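# Breakdown of the fold
Each chain is listed here by its residues.
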Amino acid sequence: MKWPLLRAALLYVAGVLLGSAVHASVYLLLALSFAVVGTALAWARLRPSLLLGVMLLAGWTNYTLQTAVISPHDLRRILSGDPQLATIRGVIAETPSLRVFELGETPVWRTLARIEVSAVRLDKQQWQPGSGRIAVATPGTLTNLFGGQEVEVFGVVAYPKGPIAEGTFDYRAFLAEQRVYYRLKADSEQDWTIIRSPRVAPLADRFRTWARGVLARGLPAEDESLRLEWALTLGWKTALDEESSEPFIRAATYHIFAVDGLRMAIVFGILFGLLRACNVPRAICGLGLLPLIWFYVALTGWPASAIRATVMLSIIIIGWALKRPSNLINSLLAAALIILVWEPQQLFQAGFQLSFLVVLCMILLLPPLIGFLRRLHELASAAHPGIARVPLLGLLYNLLFPDPLLPVSRRVHWPGFLRVPLIYCGDLFLASFAAWIGSIPLVAYYFNIVTPVSTPANIVAVPLCALVLVSNLGSLLLISWFPAAAELFNHAGWFLMECIRLTSVWFADWPKAWFYVPAPSLLTTSLYYGVLFAWVTGWLSKPAFRPVKIGALCLAAAVWGATLLPDLLTTRITIFPANGGLIVYADARGTRNDLLIDAGNTNAVQFVTKPVLRAHGVNALQNLALSHGDIKHVGGARVLSEIFPARRVWASNLRFRSTAYRRLLQDFETAPGLLGRLSRTDHLGPWQVLHPEQTDRYPRADDGALVLRGDINGTRLLLLSDLGRAGQEALLERTADLRADILVTGLPSTGEPIRDRLLDAIQPRVIIVGDSEFPASERARPPLRERLAKRHIPVIYTRDTGAATIELRGRGCKIRTMSGMALRSRQPLPEPPPARRD
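Just so we're clear, the structure is a prediction, and the values are computed from it rather than from any experiment. (Residues numbered from 1 in each chain as written. Predicted model: local features only at pLDDT ≥ 70, side-chain atom pairs only at ≥ 80, totals over all residues. Heavy atoms only, no water.)

## Details of the overall build of the chain
- Counting secondary structure elements, the chain contains 27 helices and 25 strands.
- Across the 838 residues of the chain, 46% fall into the buried class.
- Long-range pairs, those at least 24 residues apart, make up 70% of the contacts in the chain with a sequence separation of at least 6. (Helix = DSSP H or I, 4+ residues; strand = E, 2+ residues; numbered from the N terminus. Buried < 20%, exposed > 50% of the residue type's maximum accessible area, 1.4 Å probe, protein only. Contact = heavy atoms within 4.5 Å.)

## A few points about a nonpolar patch on the surface
- Where nonpolar side chains cluster on the molecular surface, the patch consists of Leu523, Leu555, Val559, Trp560 and Leu564 and spans about 400 Å² of accessible area.
- Counting residues per element, the nonpolar patch draws most heavily on helix α19 (residues 546–568), at 4 residues.
- With respect to the helices, strands and loops of the structure, tryptophan 560 is situated in helix α19. (Patch = residues over 30% accessible without salt bridge, like charges linked within 9 Å, V, L, I, M, F, W, Y side chains within 5 Å. Areas by Shrake-Rupley, 256 points an atom, 1.4 Å probe, with all protein chains shown as cover. Salt bridge = Lys/Arg side-chain N within 4 Å of Asp/Glu carboxyl O.)

## Things to note about the side chain of threonine 253
- Turning to its location among the elements, threonine 253 is positioned in the loop between α8 (242–250) and α9 (261–277).
- For threonine 253, a relative accessible area of 0% translates into the label buried.
- Within the local environment of threonine 253, its side chain forms a polar contact with the side chain of serine 504, the two groups lying 3.0 Å apart.
- Residue contacts for threonine 253: discarding those within four places in its chain leaves Phe248, Ala457, Asn458, Ala461 and Ser504. (Polar contact = N/O pair within 3.5 Å; in protein donor to acceptor, adjacent residues only side chain to side chain.)

## Digging into the layout of surface pockets
- Empty space within the second largest pocket amounts to approximately 470 Å³.
- What lines the second largest pocket is a set of 20 residues, and nearest its centre among them are Leu271, Tyr296, Leu473, Leu476 and Leu477.
- Contributions of two or more residues to the lining of the second largest pocket are made by α6 (203–216), α7 (224–234), α9, α10 (282–299) and α16 (454–478).
- Of the residues forming the lining of the second largest pocket, the biggest block, 6 residues, is contributed by α9.
- Each residue belonging to the lining of the second largest pocket can be placed in one class, and the counts come to 16 nonpolar, 4 polar and no charged. (1 Å grid on protein atoms, 1.4 Å probe; cavity = no way out; pocket = protein on both sides within 12 Å on 5 of 7 lines; lining within 4 Å. Points joined across faces, edges and corners; volume = space filled by probe spheres on them. Nonpolar A, V, L, I, M, F, W, Y, C, P; charged D, E, K, R; others polar.)

## Describing the nonpolar core
- In terms of nonpolar packing, the biggest core is built from 110 residues, with Phe257, Leu621 and Leu626 touching the most fellow members.
- Looking at this core, the element that brings in the most residues is helix α13 (residues 350–383), giving 9 residues.
- Once you skip the residues sitting within four places of it in the chain, leucine 621 turns out to touch Leu596, Leu613, Leu640, Phe644, Pro645, Ala646 and Arg647.
- In this structure, Trp687, Val689, Val766 and Leu808 belong to the second largest nonpolar core, which totals 28 residues. (Core = buried A, V, L, I, M, F, W, Y, C linked by side-chain atoms within 4.5 Å.)

## Quick look at unusual backbone geometry
- Omega for the peptide link from histidine 691 to proline 692 comes to 5 degrees, which places this bond in the cis form.
- Mapped onto the elements of the fold, proline 692 is located in the loop between β17 (687–691) and β18 (707–712).
- Its identity as a non-glycine residue notwithstanding, serine 721 has a phi of 55 degrees, on the positive side.
- Relative to the assigned elements, serine 721 resides in the loop between β19 (715–719) and α24 (725–734).

## Overview of the packing of α7 against α16
- Relative orientation of the contacting elements α7 and α16 amounts to 90 degrees, with a least axis distance of 10 Å. In terms of their interaxial angle, α7 and α16 are classed as roughly perpendicular. Side by side, α7 and α16 meet where Glu229, Leu232 and Thr233 of the first sit next to Cys465, Val468, Leu469 and Asn472 of the second.
- Tallied by class, the residues present in the contact of α7 with α16 amount to 4 nonpolar, 2 polar and 1 charged. (Axes fitted to C-alpha atoms, helices over the stretch in contact; angles between N-to-C directions. Parallel < 35°, antiparallel > 145°, perpendicular 65-115°, else oblique.)

## Thoughts on the packing of aromatic side chains
- As enumerated under the stated definition, the model contains 20 aromatic pairs in all.
- Between tryptophan 481 and phenylalanine 482, the ring centres sit 6.1 Å apart and the planes meet at 45 degrees, which makes this aromatic pair tilted.
- A relative accessible area of 61% means that tryptophan 481 is categorised as exposed.
- Relative to phenylalanine 644, the ring of tyrosine 516 has its centre 5.8 Å away and its plane inclined at 45 degrees; by these criteria the two rings are tilted. Within this pair, whereas tyrosine 516 is found in strand β9 (residues 515–516), its partner phenylalanine 644 is found in the loop between α22 (637–643) and β14 (646–652), the two being separated by 128 residues in sequence.
- For tyrosine 516, a relative accessible area of 3% puts it in the buried group.
- Its relative accessible area of 0% is what places phenylalanine 644 among the buried residues. (Phe/Tyr/Trp six-rings, centres within 6.5 Å; stacked < 30°, edge-to-face > 60°.)

## Quick notes on the environment of alanine 283
- Here alanine 283 shows up in helix α10.
- A sequence separation of 34 residues divides alanine 283 from isoleucine 317, and the C-alpha atoms of the two residues are 9.5 Å apart.

## Quick notes on the pairing of β19
- With 5 of 5 residues buried, β19 lies mostly within the body of the structure.
- Burial of β19 is two-sided: the residues Thr715, Leu717 and Leu719 facing one way and the residues Arg716 and Leu718 facing the other way are all buried.
- Where β18 meets β19, 5 bridges bridge the pair, whose relative direction is antiparallel. In the strand pairing of β19, glycine 710 is matched with leucine 717. (Pairing = 2+ DSSP bridges.)

## A look at empty space enclosed by the protein
- Applying the stated criterion across every chain, the model contains 2 cavities of 30 Å³ or more.
- As a volume, the largest cavity reaches approximately 100 Å³.
- Lining the largest cavity, in full, are Leu582, Val584, Ile597, Asp598, Ser627, Leu706, Leu708, Leu719, Leu720, Ser721 and Val744.
- Within the lining of the largest cavity, the residues separate by chemical class into 8 nonpolar, 2 polar and 1 charged.
- Taken as a whole, the second largest cavity encloses approximately 50 Å³ of empty space.
- Taken together, Leu747, Pro748, Gly751, Glu752, Pro753, Arg779, Ala780, Arg781 and Leu784 make up the lining of the second largest cavity.
- The residue inventory of the lining of the second largest cavity, partitioned by class, reads 5 nonpolar, 1 polar and 3 charged.

In structure tokens form, the structure reads like this:
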């Protein structure tokens, strides 16, 4: 068999997937596994088939062993998941990391740590043994903590927060993939007590602290490029904040900051070149490189991506040193099996999937791509013989893709200073293109972005990345005995890093260089990779069963189209809270009537509004409506319009006292035709403005909030925003028929939302209250909950359920929330009452 490990790897992966879907008793699985192994040893005729079953059971059993609740002291037996005061004792698993984010214009630091728990004390109870990991978050920078210390931490322990809306970060799932199921929030450094501490910090910490100082030596100041150098060379993730990372994500060059296969290949190439230049024998060179590259992984803190890459690299190096025939796909499968045996949960991590699928696609795609270019050149030469005689084109092609049957003496020989760079650039172009093709569905799923600029951007970034590593390694090696040369390397590394940063920004600014897309479905991703692998392996081109293959492709395309059609005919309205502001995004059929109501403040834009719009595949806002002059609702509108350019911005005709709101409207007015005004009886697509009137004057901004009513496919929706008491009274007096199936409301700063008289007029079937956890003033109070509960109709509080999404298709309506709640309705509206005289 060409790839003998393929079947074993697929069966083991299938077992891991089965374990994640079917929760069986670990003791039953162990007994079944031993029984199958014993039967295979005793029954030679069925041994090949039984060994396949052993691989399936091995994946299932291993996953269950590592995730099941076995120990009586498991934290999942002790902690309920609801917020409760607790003190935990344990050992810091790895040195805490620092994260920074912007709160308005102020940087806010937070320390994140993971503790291997040995004991737990719940509030006012005795200590009891505990087993498991807990993630601890503490405001500020705690610089006296490092891995290996035994500590006690007091705080509030609970389940990690799930995503507030589709597209926002799922912290709970992220931690669960690493077997961390609880999060403890400590208020300050005073809640930490160090019980026992090693004499010195871990080697990786000491090295990174020393290396940061070395790489900064001779440079005038610590700036963004220097911090990016630290991230690239040392794996220092603190430098990669939202603002710094964005250009690299859009240019698809962000991967250079991960200690992954590319970084390890560059480090290996540098060390290999040095050893071979010194005429070190092959076996000694290979065996000597293994401890060196693993030592580099240890210095970077043992990140999972580096371990994955180094395992595969070690397999290849051992085979090369022992002069064994190499098979890259078998080496890749062996590395995947070793990693999944060690930690099967990595199968569900984005880094693992991207690492192995991209490398696999590069291995499989490069030969067909080279063959395709060769056939294309032959066809072009046959159709237009003059093409073959074009000096530059013909010579370049023959240099990059020489005829393997042509003697070396008859091949094209260019000068070395041109030949090597041209061959390198050609190989890099094809490798980058193959990597991009292999990563499109996964990048779209995890990051909601497609980057056509990836190939040209990486042709520049990858060699510059290698040069930065060479400069930084040179500086670290020379600092002790040749400081002047080390400083020279530091300046070279800074300049090269600045080139990477500026070129990534430049590539990201190309037209259509990147665009956001909704996450593809599992069916879409499976069909993409299935067709891709069938093509690159030659299965599609084989004449055997060709009619069956064509029929299968047509059927798959029909099924895929049938699954997409309902989405194209559905209007989705998403309601989500953002730091006290209620935001509504209406994604109508097509794009013309898409509408975003409010943006949230600047902090909410970065962490909530932007991810939500990106998950919807929004690249430009058709309509942005500003409900009223409350900074919690509209403070980040300018920042949002820079990320998602707004074609029209709509605001109320009322004047609000907020200086920030007025300045915001003045900024929008500078662009001709951008800002429009709305008042009662105006229409915005399917939405009608019910409030306010142009002549209204209110002392409170909430009373002048825009009220919109929409009738979509027979379902009426009423959006009240934070309408206050005076605004509610005006709405009642001016509108004869306020009835709606679904009522969406925020919380006014003073007074009660949706007073009883207004509720009697609306007669909603479902109420969605846009409240949020923080600030505390934006939480729905108990009197409101009790009053609405007496109505005996479903009430959704976004603080409890996360975002609520209304799906309108045909005459049906479905409401689902992030917590899993789902409501469906197909009942028509009752006849409206007679019009009331004002």
